[in-house]
Amino acid sequence: MKIKKAIFPVGGLGTRFLPATKSMPKEMLPIVDKPLIQYAVEEAANAGIDQFIFVTSRGKSAIENHFDHSFELENNLLSKGKRQTLKTAQEMLKIPGSFAYVRQQEPAGLGHAVWCARHLIGDEPVAIMLADDLIYGGNTIKEMIANYNSGNMLAVMDVDKKDVSSYGVISPGNLIDNNITEILGLVEKPSTENAPSNMAVVGRYIIEPAVFDVLEQQNRGASNEIQLTDAIASRIGSSNCMGYKFSEERFDCGSKLGFIQANIRFSIERPEMKQNLKSWLEREIVSKN
Ligand code: UTP
């Protein structure tokens, strides 16, 4: 099935990254030299998605500017003949009308953010991409779309039992094949004792239109927020709900540790940095600690 639209919820406050995120969107934090949101948009584009819908909030205008022309910068680079740098500054420009922005007026949760985009979605499944879940390789949503038939599909991975309370956690059913498991239940941020498994949801989803109808009526759940997982959970039994066990490496860039790890991982793959960074890490970190 073709999926042409993706929603990028970027309305959150990013409180775990204060003070960096006081006036700058968390999704603009760079991994090496590229903001998190650009990796997510590239992953979506790589999957054939050509309509990019951002759910923003106050203080997030840097995201809109990032995906637009910067005439002063471009003219300056052009006049200096810096063609390669100019290309980098322009690489995220898509054909006019590809990007749409809606405002979430209060950070009432991921489910609420997704619901805010309802008028831009027709009777079609849509991808949801959380930029702070950074996937190294950038093929996960493409693989999910290739395996999607109907209903809801969520990217899932095993996490340490002690960490389950930070995630939506699934109750897995039958294995459909090596990568796909049926989901029998779904609970947001369970305690370690109450978690149905240690298989957690990460920020790649394909949702059916009926989820928007559920969100319309939905009350607040865990953390007093309107949770997307609760809406998807309520559809279990009415439509397919599948977990896609993705194989690419994922970094939780909403946390400081994940963000630093991602920066090291992505830098070490850059030919111009690889050798120097490796020797520095060995010298400064490994041998001194
Ligand atoms: P997070 O819970 O990781 O982001 O939500 P947060 O709330 O911004 O960060 P902390 O916990 O305070 O540090 C995952 C994604 O959902 C978006 C966030 O912007 C992030 O990309 N989100 C979350 C919204 O768009 N609106 C919300 O109300 C909540």
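In every chain, residue numbers begin from 1 and rise along the written sequence. Per-residue local features are limited, in this predicted model, to residues with pLDDT of at least 70; the limit for side-chain atom pairs, both in listing and counting, is 80 or more; totals at the level of whole chains, interfaces and linings are taken over all residues. In computing side-chain properties, one takes all heavy atoms of the structure into account and sets aside hydrogens as well as water.

Could you clarify how one ought to interpret the site of the ligand in this entry?
To be near a molecule or strand, a residue needs just one of its heavy atoms within 4 Å of it. Taken together, 18 residues lie near the ligand, and G11, T15, R16, Q104 and G109 sit nearest. Throughout this description, a polar contact denotes any pair of N or O atoms lying within 3.5 Å of each other; where both atoms belong to protein, one of them has to be capable of donating a hydrogen while the other can accept it, and for residues adjacent in sequence the pair is counted only when both atoms sit in side chains. Take G11: an N or O atom from its main chain is 2.7 Å from an oxygen atom of the ligand. Within the contact set of the ligand, an oxygen atom lies 3.3 Å away from a backbone nitrogen or oxygen of A108. Using a 1.4 Å probe, accessible areas were evaluated by the Shrake-Rupley method; residue-level cover was limited to the displayed protein chains. Within the complex, the protein chains bury 85% of what would otherwise be the 560 Å² of accessible surface of the ligand.

In this structure, what is going on with the environment of A117? I would like to understand it.
On the secondary structure map, A117 appears in the loop between α5 (110-115) and β6 (126-129). Distance in space between the C-alpha atoms of A117 and Q218 is 16 Å, their sequence separation being 101 residues. Discounting chain neighbours no more than four positions away, the residues touching A117 are I7, I53, V55 and V102. To qualify as a helix, a DSSP run of H or I must reach at least 4 residues; to qualify as a strand, a run of E must reach at least 2; elements of each kind are numbered from the N terminus. The criterion used for residue contact is that any of the two residues' heavy atoms lie within 4.5 Å.

Please explain the pattern of salt bridges as it appears in this structure.
Opposite charge on two side chains permits them to pair, given that their charged atoms come into close proximity. For this analysis, a salt bridge means a side-chain nitrogen from Lys or Arg found within 4 Å of a carboxyl oxygen belonging to Asp or Glu. Inspection of the entire model under this criterion finds 16 salt bridges. Between D33 and R270 there is a salt bridge, and its shortest N-O distance comes to 2.8 Å. Here the residue D33 occupies a position in the loop between β2 (30-31) and β3 (34-35), and R270 occupies one in the loop between α9 (256-268) and α10 (271-286), the gap between them amounting to 237 residues. Note that K162 and D163 form a salt bridge whose closest N and O atoms lie 3.5 Å from each other. With a 1.4 Å probe rolled over the protein chains alone, any residue whose accessible area is under 20% of its type maximum counts as buried; one over 50% counts as exposed, and the rest are partly exposed. A relative accessible area of 30% means that D163 is categorised as partly exposed. What you see here is one network of salt bridges that share partners, running through D33, R270 and E272.

Looking at this model, I keep getting lost on the nonpolar core. Mind explaining?
Here is a general trend for soluble globular proteins: nonpolar side chains tend to be buried in one another's company. Among the nonpolar cores identified, the biggest contains 44 residues, and F8, I31, I37, V41, F54 and L134 are the most heavily contacted of them. Per element, the largest residue contribution to this core is six residues, and it comes from helix α1 (residues 36-46). Filtering out sequence-adjacent residues up to four positions away, I31 remains in contact with L36, Y39, L134, C253, F259, A262, N263 and F266. Nonpolar core, defined: a set of buried Ala, Val, Leu, Ile, Met, Phe, Trp, Tyr and Cys residues in which side-chain atoms within 4.5 Å join the residues together. In terms of nonpolar packing, the next biggest core, distinct from the first, is built from 30 residues, V102, L130, V156 and I183 among them.

Teacher, can you tell me more about the side chain of E27 here?
Mapped onto the elements, E27 comes out in the loop between β1 (5-9) and β2. A distance of 3.0 Å separates the side chain of E27 from the side chain of K60, its partner in a polar contact. In contact with E27, not counting residues within four places along its chain, are P9, V10, P35, L36, I37, K60, I63 and A131.

Before we go on, may I ask you to explain the packing of α9 against α10 in this structure?
Geometrically, a packed helix pair is captured by the angle between its two axes and the distance between the axes. Interaxial distance between α9 and α10 falls to 8 Å at its minimum, and their mutual angle equals 130 degrees. On the basis of their axis angle, the class for α9 and α10 is oblique. From α9, I264, S267 and I268 reach across to α10, where they touch M273, K274, L277, K278 and L281. Side-chain classes follow a simple rule in which Ala, Val, Leu, Ile, Met, Phe, Trp, Tyr, Cys and Pro form the nonpolar group, Asp, Glu, Lys and Arg form the charged group, and the remainder, Gly included, forms the polar group. Classifying every residue of the contact of α9 with α10 by side-chain character gives five nonpolar, one polar and two charged. Axes here mean lines fitted to C-alpha atoms, for a helix over just the part in contact, with angles spanning 0 to 180 degrees between N-to-C directions. The labels follow the angle: roughly parallel below 35 degrees, roughly antiparallel above 145, roughly perpendicular from 65 to 115, and oblique for the rest.

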